[in-house]
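Chain and residue survey
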Amino acid sequence: MEQKWTKLWLAYPERMRQENLEIVTKIHASESCQGDRLAVSAVRELTAGITAMGGKLPEVIYETVCEQCGQTGEGIYLVLAENANIGAEGYRLNGTGRSAVIVAKDTRGLLYGAFALLRHMSMGETVCEPSETVVPVMPLRMLNHWDNMDGSIERGYSGQSFFFVQNEIVINDRTGDYIRYMASVGINGIVINNVNVRGRANELITAELLPKLQTLSCMMQDYGIRLFLSVNFAAPIRIGGLESADPLDPAAIGWWKSKIDEIYRFVPELGGFLIKADSEGNHGPYAYGRDHAQGANMLADLLREHGGIVIWRCFVYNAGQDWRDKKTDRAKAAYEHFVKLDGQFRENVILQVKNGPMDFQIREPISPLFGAMKKTNLMLEVQVAQEYTGHQIDLCYLIPLYKEVLDFQTYADGEATVEEVVSGAKYGNRLCGMAAVTNTGDDENWTGHDLAAANTYGYGRLCMDPSLSAETIAREWIRQTIGHDAEVERVILDMLLRSREIYENYTCPLGIGWMVTPATHYGPSVNGYEYDHWGTYHRADHLGIGVDRTSAGTGYTMQYNEPNASMYEHRETCPEELLLFFHRVLYTEKLKSGKTLIQHIYDTHFLGVEQVKEMIAAWKTIADKVPERMNENVSERLDRQLYIAREWCDQVNSFFWRISGIPDEQGRTLY
Ligand code: GCW
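The following refers to the structure shown. (Residues numbered from 1 in each chain as written. Predicted model: local features only at pLDDT ≥ 70, side-chain atom pairs only at ≥ 80, totals over all residues. Heavy atoms only, no water.)

**Regarding helix H19 (residues 628–660)**
Selection criterion: What counts as a helix is a DSSP run of H or I of at least four residues, what counts as a strand is a run of E of at least two, and both are numbered from the N terminus. Given the number of residues in a helix, its expected span is that number minus one, multiplied by 1.5 Å.
With 33 residues, H19 extends 47 Å between its outermost C-alpha atoms, agreeing within 8% with the 48 Å of an ideal straight helix rising 1.5 Å per residue. One or two residues past the end of H19 sits glycine 661, with phi positive at roughly 75 degrees.

**Focus on the environment of threonine 554**
Put simply, the rule is: The rule is simple: take the accessible area with a 1.4 Å probe, protein chains only, and divide by the maximum for that residue type; under 20% is buried, over 50% is exposed, in between is partly exposed. In this description, contact between two residues means that some pair of their heavy atoms is separated by no more than 4.5 Å.
Among the secondary structure elements, threonine 554 is positioned in the loop between strand E17 (544–545) and helix H16 (564–569). Residue classification places threonine 554 among the buried residues on the basis of a relative accessible area of 6%. Counting along the chain gives 224 residues from threonine 554 to arginine 330, while the straight-line C-alpha distance between them is 9.7 Å. Beyond its immediate sequence surroundings of up to four residues, threonine 554 is in contact with Lys326, Lys327, Asp329, Lys332, Asp548 and Arg549.

**Considerations on the site of the ligand**
We count it as follows: When at least one non-hydrogen atom of a residue lies within 4 Å of a molecule or strand, that residue is treated as near it. What qualifies as a polar contact is a pair of N or O atoms within 3.5 Å, subject to a donor-acceptor requirement within protein and to the restriction that residues adjacent in sequence count only when both atoms come from side chains. All accessibility values rest on the Shrake-Rupley procedure with a 1.4 Å probe; residue burial counts only the protein chains present in the view.
Neighbouring residues of the ligand: 15 residues in total, closest Glu154, Lys276, Lys354, Asp359 and Glu387. Asparagine 196 is positioned with one of its side-chain polar atoms (N or O) 3.1 Å from an oxygen atom of the ligand. In this structure, aspartate 359 approaches the ligand through a side-chain N or O atom, which is 2.3 Å from an oxygen atom. Within the complex, the protein chains bury 97% of what would otherwise be the 340 Å² of accessible surface of the ligand.

**Description of the packing of aromatic side chains**
Defined as follows: Here is the rule: rings of Phe, Tyr and Trp (six-membered ring for Trp) pair when centre to centre is within 6.5 Å. Planes less than 30 degrees apart are stacked, more than 60 are edge-to-face, and the remainder are tilted. Placement of a charge over a ring requires the Lys NZ or Arg CZ to be within 6 Å of the ring centre, with the centre-to-atom vector within 35 degrees of the ring normal.
One pass over the structure, following the stated rule, counts 26 aromatic pairs. Aromatic side chains phenylalanine 162 and tyrosine 178 sit 4.7 Å apart centroid to centroid with 55 degrees between the ring planes, which places their arrangement in the tilted category. With a gap of 16 residues between them, phenylalanine 162 in the loop between strand E7 (140–144) and strand E8 (164–165) and tyrosine 178 in helix H5 (residues 173–184) connect regions that are remote in the sequence. Residue phenylalanine 162 is classed as buried on the basis of its relative accessible area, which comes to 5%. With relative accessibility at 0%, the residue tyrosine 178 sits in the buried group. Pairing tyrosine 587 with phenylalanine 656 gives two aromatic rings, centres 5.8 Å apart and planes at 75 degrees, and the pair type is edge-to-face. In this pair, tyrosine 587 is assigned in the loop between strand E18 (585–586) and helix H18 (597–622) and phenylalanine 656 in helix H19, connecting sequence segments 69 residues apart. Using a relative accessible area of 0% as the deciding quantity, one classes tyrosine 587 as buried. Taking the relative accessible area as the measure of exposure, phenylalanine 656 reaches 0% and is therefore buried. Chaining the aromatic ring pairs together yields one cluster made of Trp9, Phe162, Phe163, Phe164, Tyr178, Tyr181, Trp446 and Tyr457. The ring centre of phenylalanine 315 lies 3.3 Å from the NZ or CZ of lysine 354, which sits over that ring.

**Concerning the pairing of strand E16 (residues 433–437)**
Within a regular strand, side chains alternate between the sheet's two faces. As a reminder, the rule being used: Paired strands, as defined in this entry, are two strands with at least two bridges between them according to DSSP.
Most of E16 is tucked away, with 5 of its 5 residues classed as buried. Across the two faces of E16 the burial is the same, with Gly433, Ala435 and Val437 and Met434 and Ala436 all buried. Pairing analysis gives 5 bridges linking E7 to E16, with the strands arranged parallel. Bridge pairing in E16 places methionine 142 opposite alanine 435.

**Regarding the sheet that holds strand E3 (residues 75–80)**
As a reminder, the rule being used: The axes used here are C-alpha line fits, helices contributing only the stretch in contact, and every angle between their N-to-C directions lies in the interval 0 to 180 degrees.
With respect to topology, 6 strands assemble into an open sheet ordered E2-E1-E3-E5-E4-E6, the strand pairing being mixed. Of all the strands in the sheet, just strand E2 (59–63) and strand E6 (131–134) have a single pairing partner and so form its edges. Along the sheet, successive strands turn relative to each other by an average axial angle of 10 degrees, direction set aside. Helix H2 (residues 37–52) contacts strand E1 (26–30), E2 and E3 of the sheet and is inclined by roughly 165 degrees relative to E3.

Structure below.
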C-alpha cells in the first residue's frame, strides 16, 4: 500500500553520486555496537538511506574498528570509542578518500553521525567530502506537541493529531517515521500532549493508558528521544479524587508519590513532566497561596529518584486585565512572577521561557527573564507552529527570528547571550536547552504548507548547532527535500529568507503585534484585542500609536540589564523595528528613513502585498521543476497568502487613514 505521508527531508530519491555507489557497499561497525538500540538504528538508517539513494544493500560487518581503519579500508566505519576526545552525543565525521569514518564516544553520537553522513550524501556530496565534528550545543532539544486526545491540535494547522484519535493513543508506521525524522535533526525529547491538559488527557497517567505510552517511549528510545508528558497540576483532584492539590498538603504529595512511582513502573525512561500552572485557567499553586517554586519542587522531589525532571512554564499572566488600566503590563508578568524565586528551584527543575514577553508575535523584544535568572535552569521556548505568523498558509521562515533570540546579549553577569544561557555555556548547567511548539499534524505533507517543514527541520538543526546560518539551514533543507536544481534552490531560498520580513510588512507594524482576528489569530482585526481583557493593546488614537513601556510608562524597560534598559528607554536608541512596542509615537514623527511613522506604515503594507506577488511570480518560474504535489500545495497557499495580505494591507492602512486623517503621500487607494 502506498504511504500516505511524505518523507520530508529523508526522502532520499535516487541521487547517489557514482563515486559513492562504489564505496558505500560495506558498513563496518564496532563490535560493541551490536545489540545497542541506538547503534542498531544508525546501521538501519544508513542501510535504508543508501539503498534508497540507489546503492546496493550494504553488507554490515561488526568487527574491531578504529578511527584509523578508514585510512586503508573502504566503506563506512562506525567507530564507538569510549575515550574519543568528543563531547557527549557528538560525532566526528571524516571522509578519507575511499571511506567515511564516524567516531563517537556514545551510540547516540553514532546515530547523529549516521544521519549527518546521509544528509551530506542526499545533498549531493561524495562520502569523501564531509569533514566535521559536531557536539550538540543545546543539551535538551525538545518538541512540544499541543495535541489533544480527541485528535484536535491547539494551534495546529496541519490536520489532526497523529498521536491521538478519538481519545486513544495511536501507534503505527507513521509514528515510527515521525520519530526517525525528528531524530535525524537531533531532537531528544518530545512532549506528546497539550500543555492545557483537558478531558481524557488527564487519564494519560493512569494504568489504562500507561502501557501504550511505554510502547511509544520504547520506539522513541531507539532513536535517542525521551518521552515527556504534560500533566495537570490539579491531577490529585481530577483523577485522584482528592479535595486539594496544595503542593504542601501531605495527602496531595502522597498521591503524587504513588502516582509517579506507578508511572515509572510502566514507563521507566519517561523524561518527566511539562507543566502550565496558574495561567489561562489552569490550576496551580496560587490556588493555595503557594508559589511556583513550591509547586515545581514538590513534583521535582518525587521525580528525582526516577531520573525525571520538571519543566515548568513561565507563560503565567493574569488574563483579566481592564483595558482602561495603562499601568498594568502583561509584558512584565513572567519576570514579576519568577525573578523573585531565582535560586529556589530544585536542580531537576527547568523554567521554560517563551522567546518574547508577550506571545510569539512576529516581532517582540527578547524576554528579560533570560538575563535575570542566574541560579535557575532555563529553557527557551519558540513556536514553530505559525499561530501568529500565518497558520502555515502564509510563508514565514522562522529560523532568522530564532537566531535573533539566541544572539541577543542579555548582559547577565557581565555578558551572556541567550544562547549561552540556555545552552549551559554561561553557568555550566546541563538541564537547559530549547523547546518548540511544533507545527506537525496528520496532513500528507505533515506541516500544511510544504515549505513550513523548513521550520521543523531548521529548529532541530539550530538546536544542534546555533552557529549555522539561516541560509545554510534553508539550503540543506531544499537540497534534501526537493533536489539539486540550482534555479529551484535559488528561488526557494530567496522566498524563505525574505518571508519573515514580508509577513511583517503587511501585518503589525514596528513591534506592536496583536492586530489579529481574536481567538483564531489568523488575518487582520486591528481593534480585535483592543478593548478585551488579554493585556494586548496598541493604544492608537488620532495622533499616534504605541505603548509607553519606559520608566515613565509601564516600566517594562527596567526589567532589562544595562545597557539594554537604557537602549529601550530612549526613543533614539530603541531599535526601530520595536519602536511601537516600547514607545508611543505620533504619526507625524520621523523615522530614521526620514519618513513619517504613518507613511512608513502605508508604505510597508503596500510593499508587503507587492512582495507576495513577487513570490508568486518567482514560484511560477520553477513550478514545473518541483514535484506536482508540492507545486499544487505551495501554489494554493501562495494564492491564499496574497488574499490575506491584501486584507491586512487594506484594513490596517484604512484604519490608520481614518483615525489620523493623514493621506498617503503617494495617493494610493485607502478605504
Ligand atoms: O499563545 C497562547 C495560545 C494558547 C496556548 C498558550 C500557551 C496552549 O493562544 O492556545 O495554549 O499560548 O502557550 O500556553
